[in-house]
Amino acid sequence: MTDDTVSQTPAEALPPKVLTPAAQRALAEAEARRNEIDAATAMAPVEKGGRGGLEPSRYGDWEIKGLTSDF
């Protein structure tokens, strides 16, 4: 391969996605809800002998290390 040839990954070859105003609004609302929940969780008392870290049920389902399961 010469220096003149530049290889692109598929992600680099695609144009960036353009979000609709409704999608942008939904993302902003979701971020606001997450921030509100996280602020309320930060004010909660510390559990003695607990698992540590963030409350796994803070969003209404059980989440640990990015894996989620509904009740």
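Quick notes on the rules
- Residues numbered from 1 in each chain as written.
- Predicted model: local features only at pLDDT ≥ 70, side-chain atom pairs only at ≥ 80, totals over all residues.
- Heavy atoms only, no water.
- Helix = DSSP H or I, 4+ residues; strand = E, 2+ residues; numbered from the N terminus.
- Buried < 20%, exposed > 50% of the residue type's maximum accessible area, 1.4 Å probe, protein only.
- Areas by Shrake-Rupley, 256 points an atom, 1.4 Å probe, with all protein chains shown as cover.
- Salt bridge = Lys/Arg side-chain N within 4 Å of Asp/Glu carboxyl O.
- Contact = heavy atoms within 4.5 Å.
- pLDDT = per-residue confidence, 0-100.

## A closer look at the overall build of the protein
In step 1: Secondary structure assignment for the protein yields 2 helices and 2 strands.
In step 2: Of all 71 residues assigned to the protein, the portion counted as buried reaches 7%.
In step 3: With the model as given, the accessible surface of the protein reaches about 6,600 Å², and the carbon-plus-sulfur share is 59%.

## Comments concerning the pattern of salt bridges
In step 1: If you walk through the whole model with that rule in mind, you get 1 salt bridge.
In step 2: We note a salt bridge from Arg34 to Glu31, for which the minimum N-O separation is 2.8 Å. You can see Arg34 and its partner Glu31 sitting in helix 2 (residues 21-42), 3 residues apart, about one turn around the helix.
In step 3: Owing to a relative accessible area of 36%, Arg34 belongs among the partly exposed residues under this scheme.

## Notes on the environment of Asp38
In step 1: Of note, Asp38 is situated in helix 2.
In step 2: Note: C-alpha distance between Asp38 and Arg58 (20 residues apart in sequence) is 7.8 Å.
In step 3: Those residues in contact with Asp38 that sit more than four places away from it in its chain are Arg58 and Tyr59.

## What to know about the confidence of the model for the protein
In step 1: Model confidence for the protein is summarised by a mean pLDDT of 76, while 69% of its residues fall at 70 or above.
In step 2: Least confident of the elements in the protein is helix 1 (residues 10-13), whose mean pLDDT is 69; most confident is helix 2, at 90.

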